[in-house]
There are 4 protein chains.
Amino acid sequence: MPLSPEQREEIAAQRAEAYETRRVVAPRLEEILYEALPVLDHGFVRVVDYMGSDSAIVQAARVSYGKGTRTLRSDAGLINYLLRHRHTTPFEMCEIKYHVKLPIFVARQWIRHRTANVNEYSARYSILDNEFYLPAREHLAAQSASNRQGRGNLIIGAEADRVHELLMRDAAQVYADYTEMLNENEEGNVIDEGRDGLARELARMNLSLNFYTQWYWKIDLHNFMHFLSLRADEHAQYEIRAYAEVMLDTLERWVPLTFEAFSKYEMGGVNLSSQSLEVVKRMIDGETVTQEESGLSGREWRELMETLGREA
Amino acid sequence: MPLSPEQREEIAAQRAEAYETRRVVAPRLEEILYEALPVLDHGFVRVVDYMGSDSAIVQAARVSYGKGTRTLRSDAGLINYLLRHRHTTPFEMCEIKYHVKLPIFVARQWIRHRTANVNEYSARYSILDNEFYLPAREHLAAQSASNRQGRGNLIIGAEADRVHELLMRDAAQVYADYTEMLNENEEGNVIDEGRDGLARELARMNLSLNFYTQWYWKIDLHNFMHFLSLRADEHAQYEIRAYAEVMLDTLERWVPLTFEAFSKYEMGGVNLSSQSLEVVKRMIDGETVTQEESGLSGREWRELMETLGREA
Amino acid sequence: MPLSPEQREEIAAQRAEAYETRRVVAPRLEEILYEALPVLDHGFVRVVDYMGSDSAIVQAARVSYGKGTRTLRSDAGLINYLLRHRHTTPFEMCEIKYHVKLPIFVARQWIRHRTANVNEYSARYSILDNEFYLPAREHLAAQSASNRQGRGNLIIGAEADRVHELLMRDAAQVYADYTEMLNENEEGNVIDEGRDGLARELARMNLSLNFYTQWYWKIDLHNFMHFLSLRADEHAQYEIRAYAEVMLDTLERWVPLTFEAFSKYEMGGVNLSSQSLEVVKRMIDGETVTQEESGLSGREWRELMETLGREA
Amino acid sequence: MPLSPEQREEIAAQRAEAYETRRVVAPRLEEILYEALPVLDHGFVRVVDYMGSDSAIVQAARVSYGKGTRTLRSDAGLINYLLRHRHTTPFEMCEIKYHVKLPIFVARQWIRHRTANVNEYSARYSILDNEFYLPAREHLAAQSASNRQGRGNLIIGAEADRVHELLMRDAAQVYADYTEMLNENEEGNVIDEGRDGLARELARMNLSLNFYTQWYWKIDLHNFMHFLSLRADEHAQYEIRAYAEVMLDTLERWVPLTFEAFSKYEMGGVNLSSQSLEVVKRMIDGETVTQEESGLSGREWRELMETLGREA
């Protein structure tokens, strides 16, 4: 994550400031505010602002439920209750804002979550940096044979060398041709005074999807947890999961009680269909249940046995 | 706006706190943070949290447009430019949260703005206070003869007395019967130990739409300005406009540069259709234009002349 | 559900039309299109338009996953798979539009679902009908002793008579005073030529929350299922559940395969936290687990035992 | 726009179907339903479903405003009125669904409009076609000297040849290396049985942003008009404008009255700030106004003069 000297300076300046506020503060998040937390080879995640904390969720819930909430012993108990029973609106009362640097193909997955605000670096206005993602060798996996959306065995040896060679060669070439078409180098200096250079909004189309972009991204806590539950999941593509995992750490610093409830009910929780629940009840009663008479399809049966940690 | 002693104490406690933060701060908004700003006879608006400031908008825009924004002389110039050209996403990077006490019929208009987060006091859980809105005599207007959605002449004298009498009598009666059905008084004490009392979720249906409710309401700055442009407009019903006007003052304290641009381009601005623009051009050229040959309908013509401050 | 003669005529006219279309059609939904399905004492639900069907979901999924989806044996299997694995976007490709007549206090719960489009009858423009909801005796329940948000025992005998008496008396009075203030009767005829009448936007505030309103309401299938899973749930207030249940029937007519998957995975399904899953695994292994060493709170333990159909 | 034989067959089959429906129908849109309307060199736009029509907007408005709307002479008059006065909810009652094939860099601009539903072809599951956008020579423009976001003079002659040469060479190379890394050709056949092939979700990152993707995209009419007003605008990048312009034709077929109102008030309309309106009023009164004493910045002054068709 090679931050430019200007960026380092700006971050240091932001972190050096201290203001007085009457607002609720999340002290452990303040510790890392503005810091660039590295992800992948050139990416980062920075928390640049936030609003609210665990106590803001409790406060919003107490407005909704009035005196009714007094009977719950503690903030932690109330937050657990809210999350377990899908009372999601109090979690919408908190907001967090990130500055993220990420490969374009990751940005394309990320942006599908529409309940967030985004300001992306514009390649119509400005020149993109010469930085692209090159997967580390331990992430060079083959297509999974069993799962059309996943990765299988590691690619090693000469084949891995070849993948790296092709990715590096092509990235170097498309970037060189991007600057030639622009007639500007990475710093924006004209290369050849004798010609115009293609408009930036056109030249950018020659870059490949592993080049890095960056954006400001802001989301409320409820939708953020939904994002994390999908993107920190083991079925998510490794590259976006790498971002989600760093963001999970910032979640824990921001709203520790909510983080704990989220870990129990969302990340570690499971859904059972009505039929799967019937199977579970019978198994608890000591019955031997087979897929054939369970009412489940073969695929559902295998998924259930995996959930229960048993042989299919 | 009769705040209870507990509420006064809570607000005083919130205002007495001072924390250190690295986040951006809006000093003039901090001055009034948590204060209950009175609206109508029993309502209020309180800013209870916020995120960002004018500088956060500028910062987000500079991420989007990169070095391109450096050529604009000032933050104010950039904010003007963004608003004028509908580059709305940087304004979505700021967020504000209010605690509002308002009559139910106002809440019903307000909630139509769906791009906000809401936690409302639940009358399924808790008992509503015995407070209802009674319009001041200067707001007792007759139905407009010319505009189906507006108010006309003031109602005065005996007719005004009668309106007040009916509103007060009915509100007193529906609340008394609400508590009788609940078998609980306003403080939640059982009235008659010998019977059960109707469920709160049912009894509430007997209350009228002028009773007060309250909620936490959170919105981003872009959508907030859209809300204000509709609800602070002279065509909005007086009672919601009263809230919007108090909130305009808090907007000015929060993001003064944005407030100024908003006043120029949104609140004070006008839209002209392609045909109206043609009329304006001809009038500037000194032509005398009549409705008949303007291509405008009678209604559009009257609206245009009103906009231009001329006789129709 | 007393439809006016004009409404009956309009519905009959709509149902008599038959057009030719190249669009996908849901034949069993067409059968009841425009029909007013009664809910509560004066309410109704009418499907007035729809877009897509089970096949549209399959088609959208096949665009996303390309040839990958060919290996799934059937449309039903694919729809089950999508719902089970939270691939929700294909369900957003279908849309349905209802005309609903409902008490205002139900409308206030309903509108919290923000991902829908709404056009409500405006009491600023027009006079509300003299119709209010009066709960049938079998729905007159006391406040629950154990659940702050629910209903307990039925209220019977003289206490039930008294509730009905109060609700009817107050509704009659607030409506009479509404028309007196308006100086217009229900049909919009002036009562007393000698005075003006209060503006409609003001007079309406005297009506109570059990009066009926109506709206057009449009939503996509994914968000509709989310609405139904919350509002057809046994914890929802009876009055909104009555609407959700009628809408479940229309869902079944519209997208029968999706309805079946929804019944299995959403309506009949359960969530288990990571700790509850551990308890279940141990119980299947024949262990005797107690609340004390389960890691669950007393409340969570009772909820889990209820889910599993066992004594707590 | 080289449709595959399978696609041609599928479209022909869809167009050959005719069903009976009680729903509202838009006859001129039915004429082109499912047809692939060409855009750019390999892209297309196909309307694949719709809901509602001009009459549905009128119907929704009449529910909102009740008898009040009867006084407006015609559907066209009512639709004009609604659009002019920003009564936008009735337009949300209509919905349209497209199948679009478009370059990835265009998709990245398009997806910023978050109020739509999207199902995109997944390059995690399936192999992307070997098709990329090559701008026609009349669209090869230089960066604008005056506008950081726009295009200036055409690039011609040898420089244009060179741009085409680079774009074609790089696209050919990144695609060839994509298939080599996949160890699969465009049809999905294994190239070399002796090795695994990189996972699709990784290999795709080598493709450049001018490659084509496709998606289903669904939006309501209000948000669709907002999309079109931004993307059919002369400041939009040519490549996305090319799509918006074809979609404007489908809008005209779908809701002709709304299209006409939209053309007058949105596409052809202008916004004037409060200060610009003052300048216009003074000019109509025959005054000579200069920028210096207008209160407008130099940039605002030039924009206003351009709007009024006058020398700055």
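Residues numbered from 1 in each chain as written. Chains lettered and ligands numbered in written order. Predicted model: local features only at pLDDT ≥ 70, side-chain atom pairs only at ≥ 80, totals over all residues.

(A) The arrangement of the overall build of chain A in detail. From N to C terminus, chain A includes 12 helices and 9 strands. Taken over the C-alpha atoms alone, chain A extends approximately 80 × 60 × 30 Å along its principal axes. Looking at chain A as a whole, 48% of its 312 residues are labelled buried. Expressed as a percentage of contacts within chain A between residues at least 6 apart in sequence, the contacts between residues at least 24 apart total 66%. (Helix = DSSP H or I, 4+ residues; strand = E, 2+ residues; numbered from the N terminus. Buried ≥ 20, exposed ≤ 12 C-beta atoms within 10 Å, placed from the backbone. Contact = placed C-beta atoms within 7 Å.)

(B) Spotlight on the domain arrangement of chain A. Its domain assignment divides chain A into domain 1 (1-130 + 210-269) and domain 2 (274-308). Inter-centroid distance (C-alpha atoms) of domain 1 of chain A to domain 2 of chain A is 37 Å. (Domains from an automatic or database assignment.)

(C) Quick look at the packing of helix H4 (residues 75-84) of chain B against helix H10 (residues 256-267) of chain B. All names here are of chain B. The interhelical angle for the contact between H4 and H10, taken along N-to-C directions, is 40 degrees, at an axis separation of 9 Å. In terms of orientation, H4 and H10 fall into the oblique class. Seen from above, H4 lies across H10 with right-handed handedness. Only Leu257, Thr258, Ala261, Phe262 and Tyr265 of H10 make contact with H4, whose side of the interface consists of Asp75, Ala76, Ile79, Asn80, Leu83 and Arg84. Split by residue class, the contact of H4 with H10 holds 7 nonpolar, 2 polar and 2 charged. (Axes fitted to C-alpha atoms, helices over the stretch in contact; angles between N-to-C directions. Parallel < 35°, antiparallel > 145°, perpendicular 65-115°, else oblique. Left-handed = near helix turned anticlockwise from the far one by under 90°. Nonpolar A, V, L, I, M, F, W, Y, C, P; charged D, E, K, R; others polar.)

(D) How the structure looks around H4(B). Among the residues making up H4(B), those that are buried are Leu78(B), Ile79(B), Asn80(B), Leu82(B) and Leu83(B). Trailing H4(B) by a residue or two, Arg86(B) shows a phi angle of about 55 degrees, which is positive.

(E) Spatial organisation of the interface of chain B and chain A. Counting residues at the interface gives 45 residues for chain B, matched by 45 residues for chain A. For the side of chain B that touches chain A, the elements supplying multiple residues, two or more each, are helix H1 (5-16), strand E1 (19-21), strand E3 (43-51), helix H3 (54-65), strand E4 (95-103), strand E5 (116-120) and strand E8 (212-220) of chain B. When its residues are assigned to classes, the side of chain B that touches chain A shows 18 nonpolar, 13 polar and 14 charged. Alignment of strand E1 (residues 19-21) of chain A against E1(B), held across 3 bridges, turns out to be antiparallel. Paired with Thr21(A) across the strands is Tyr19(B), a residue of E1(B). (Pairing = 2+ DSSP bridges.)

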